[in-house]
Amino acid sequence: LRNSDVQAAVYWLARALESGADPVHAARRVLAVACEDVGLADPMALQVAVAALQAVQFLGLPEGRLPLTEAVVYLAAAPKSNAVHRAISAAVAEVQS
């Protein structure tokens, strides 16, 4: 996801799911990427990731693969910005000092 390679992101999702990875855990990681890597470059990324997590929880497998894959494709293709991560990290560092 971080390298914006859609095909690789879908491949690794499929590999994880086929090897028995928990789809809810995968959806949580997708949610983290939406916040950490895409951030404000595409504010809809967070909504897409939350919707995928909810869909996976509601549907389970195998149907949950579809919304999860949609979110992975969306996030891999999205522009990236870690500005929010940098801002909160700087603020926390200032508070701690």
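Conventions we followed
Residues numbered from 1 in each chain as written. Predicted model: local features only at pLDDT ≥ 70, side-chain atom pairs only at ≥ 80, totals over all residues. Heavy atoms only, no water. Core = buried A, V, L, I, M, F, W, Y, C linked by side-chain atoms within 4.5 Å. Buried < 20%, exposed > 50% of the residue type's maximum accessible area, 1.4 Å probe, protein only. Helix = DSSP H or I, 4+ residues; strand = E, 2+ residues; numbered from the N terminus. Contact = heavy atoms within 4.5 Å. Expected span 1.5 Å × (residues − 1). Arc of directions from axis to C-beta. Axes fitted to C-alpha atoms, helices over the stretch in contact; angles between N-to-C directions. Parallel < 35°, antiparallel > 145°, perpendicular 65-115°, else oblique. Nonpolar A, V, L, I, M, F, W, Y, C, P; charged D, E, K, R; others polar. Phe/Tyr/Trp six-rings, centres within 6.5 Å; stacked < 30°, edge-to-face > 60°.

Before going further, it helps to spend a moment on the nonpolar core. Ranked by size, the top nonpolar core spans 21 residues in total, and within it Leu13, Val30, Leu68 and Leu75 carry the most contacts. Secondary-structure elements contributing two or more residues to this core are helix H1 (6–18), helix H2 (23–38), helix H3 (44–59) and helix H4 (65–77). If you tally residues by element for this core, the top one is H2, at seven residues. If near-sequence neighbours (up to four positions away) are discounted, Val30 is found in contact with Ala49, Leu68, Ala71, Val72 and Leu75.

Let us look at H3. The end-to-end C-alpha distance of H3 is 22 Å, a good match for the 22 Å that 16 residues give at a rise of 1.5 Å each. Listing the buried residues of H3 in full gives Ala45, Ala49, Ala52, Leu53, Ala55 and Val56. Viewed along the axis of H3, the buried residues span an arc of 165°, placing them on a single side of the element. Residues of H3 that are exposed and point over 90 degrees away from its buried face: Gln47, Gln54 and Phe58. If you follow the buried residues of H3, they end up packed against H2 and H4. Directly after H3, the chain includes Gly60, whose backbone phi takes a positive value near 70°.

Moving on, we come to the packing of H2 against H3. Two measures define how a pair of helices packs: the angle their axes make with one another and the distance between the axes. Two elements in contact, H2 and H3, have axes whose closest approach is 9 Å; the angle formed by their N-to-C orientations is 175°. Taken together, H2 and H3 sit at an angle that is classed as roughly antiparallel. Here Pro23, Val24, Ala27, Arg28, Val30, Leu31, Ala34, Cys35 and Val38 of H2 come into contact with H3, specifically with Ala45, Leu46, Ala49, Val50, Leu53, Val56 and Gln57. Grouping the amino acids of the contact of H2 with H3 by side-chain chemistry returns 14 nonpolar, one polar and one charged.

With that out of the way, let us pick up the environment of Pro67. Checked against the element boundaries, Pro67 lands in helix H4. Classification of Pro67 by relative accessible area gives buried; the value is 18%. Separated by 20 residues in the primary sequence, Pro67 and Ala87 have C-alpha atoms spaced 31 Å apart. Other than its neighbours up to four places away in sequence, Pro67 contacts Ala52, Ala55 and Leu59.

To continue, consider the packing of aromatic side chains. One pass over the structure, following the stated rule, counts one aromatic pair. Their ring planes at 85° and their centres at 5.1 Å tell us that Tyr11 and Trp12 sit as a pair that is edge-to-face.

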